Amino acid sequence: MAASIAASAFFPVPSSSKNTIGEGPESLSVRSIVAKPNHSSAAMQVKAQAQTVPKINSRKADGEEEAPSSAPRTFYNQLPDWSMLLAAITTIFLAAEKQWTLLDWKPKRPDMLADAFGFGKLVQDGLVFRQNFSIRSYEIGADRTASIETLMNHLQETALNHVRCAGLLGDGFGSTPEMSKRNLIWVVSKIQVLVDHYPSWGDIVEVDTWVGAYGKNGMRRDWHVRDCNTGQTILRATSLWVMMDKLTRKLARVPDEVRAEIEPYFIERSAIVDKDSRGLPKLDKKTAANYVREGLTPRWGDLDINQHVNNVKYIGWILESAPISILEKHELASMTLDYRRECRRDSVLQSLTTVSSDSAVGLLESAIHCEHLLRLEAGPDIVKARTVWRPKCVEGEGNMGAIKAGSA
């Protein structure tokens, strides 16, 4: 469009009037212009004679007044409109500068990601996958910090991108090419998470993840989450995964071909040294559970590509039955989840929570221990869990300023 404006400035559209030389007041006499190419005053003479315009409002002999006519068309008044030309050139240069800025974009602040649009990278001889995340405004909760579900989603995202970056992503959700051939998928069996502190809106977190061997028919995956600016640990997690047949929905052994794909990436290192190996007690709705939430049903958006509920969704359902007094005055410090079976779209669930008796008496400044059960209303258990809650810090008092917890 800017080019068309510039062209129109140089080449004016001819008038639609059909005037010929010597006819009417708009015509210019050829004899009035004398070309003297070698004379210094030639241009001035052309200008002076061009400005000698006949009277356009003269009266006719019969007393009638002629209609006013436009100014004569001369070389002088056909010169381009320089303001339009300048505007066109400015528009062209601004558009070019904008395009060049987009092509040559680079971070201008040190806290901006160098790989802002990437999926992370392999580090430590290609055995560890690293990815950065910025905490968005819609990922924080009432405490103005990232929710536990946000952090768990970061763990899942890095796990999938690790498989992709290593060139092992088949046509499934985290499945390798050999797994896809055999309709096999990974399902999580157990997760243990330790949270040191929660990041805030605008913070950038750095997530490292790696895999290791777990028996003959499983795999271990670990994560270490740090603050990208300070290097302070935010979260550590370890998990155990087993293989399931996508068609029969039954557990399966790891084929040798699949093991050959993933073994080159195994590391014998764990993010959590002291693992929680305690068994989770069986809760009973009538005797042990202090708090119950019923009628929980999956939505269509809760299902993943493998047509079962995403494992992060279970955490939100578990906390549905946690007492509000704990949620208001404490924050989740650790969590252990034991997955028993998958949850499908037509499932109806119950969430049960019991609070440890020794941590529910009086006004406490110590941690609170809870046990949780998520099960189908028909009876079978879906997930068992144990959580530990620490008092929230009073703003401005650091880690030592704990709010007293009310009775659970």
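Just so it is clear, the model here is predicted, and its values are computed rather than measured. (Residues numbered from 1 in each chain as written. Predicted model: local features only at pLDDT ≥ 70, side-chain atom pairs only at ≥ 80, totals over all residues. Heavy atoms only, no water.)

Thoughts on the environment of Thr297
Structurally, the position occupied by Thr297 is in the loop between strand E8 (291-296) and helix H7 (311-320). Once the C-alpha coordinates of Thr297 and Trp317 are considered, the two residues, 20 residues apart in sequence, prove to be 9.5 Å apart. Excluding residues that lie within four positions of it along the chain, Thr297 makes contacts with Trp317, Ser347 and Val348. (Helix = DSSP H or I, 4+ residues; strand = E, 2+ residues; numbered from the N terminus. Contact = heavy atoms within 4.5 Å.)

Things to note about the nonpolar core
If you look at the biggest cluster of nonpolar residues, it comprises 60 residues, and the most contacted ones within it are Ile148, Met152, Leu235, Tyr314 and Leu337. Among residues more than four places away in sequence, those in contact with Leu235 are Leu151, Leu155, Val193, Leu194, Val195, Trp223, His224 and Val225. Counting five residues, the second-largest nonpolar core is a separate cluster that includes Val128, Trp210, Ile267 and Ala271. (Core = buried A, V, L, I, M, F, W, Y, C linked by side-chain atoms within 4.5 Å. Buried < 20%, exposed > 50% of the residue type's maximum accessible area, 1.4 Å probe, protein only.)

A few points about the packing of aromatic side chains
The geometry of an aromatic ring pair is captured by two quantities: the separation of the ring centres and the angle between the planes. In the structure shown here, the tally under the stated rule is two aromatic pairs. Each ring, one from Tyr314 and one from Trp317, has its centre 6.0 Å from the other, and the planes form 55°; the classification is tilted. In this pair, Tyr314 and Trp317 both sit in helix H7, three residues apart, roughly one turn of the helix. You'll find Tyr314 and Trp317 in the same group, each marked buried. When the ring of Tyr314 is compared with that of Tyr339, the centres are 5.6 Å apart and the planes differ by 55°; the resulting orientation is tilted. (Phe/Tyr/Trp six-rings, centres within 6.5 Å; stacked < 30°, edge-to-face > 60°.)

Remarks on the confidence of the model for the protein chain
Overall, the predicted model of the protein chain reaches an average pLDDT of 77, with 67% of residues at or above 70. Here helix H2 (residues 42-50) is the element of the protein chain with the lowest mean pLDDT, 44, and strand E5 (residues 218-227) is the one with the highest, 97. This model gives residues 360-364 a pLDDT under 50, and the stretch forms 13 contacts once residues within four places in sequence are excluded. Per-residue pLDDT stays below 50 along residues 396-408; that stretch engages in 33 contacts with residues further than four places along the chain or on separate chains. (pLDDT = per-residue confidence, 0-100.)

Some details on the pairing of strand E4 (residues 204-214)
E4 sits mainly inside the fold: nine of its 11 residues count as buried. Across six bridges, the pairing between strand E2 (residues 128-134) and E4 is antiparallel. By the bridge assignment for E4, Arg130 is matched with Asp208. Bridge analysis of E4 against E5 gives 10 bridges, and the strand direction is antiparallel. Each bridged residue has a counterpart across the sheet, and for Asp208 the counterpart in E5 is His224. In textbook terms, the turn of a hairpin is the stretch between consecutive antiparallel strands, and for E4 and E5 this stretch comprises three residues, one of which, Gly215, has a positive phi near 65°. (Pairing = 2+ DSSP bridges.)

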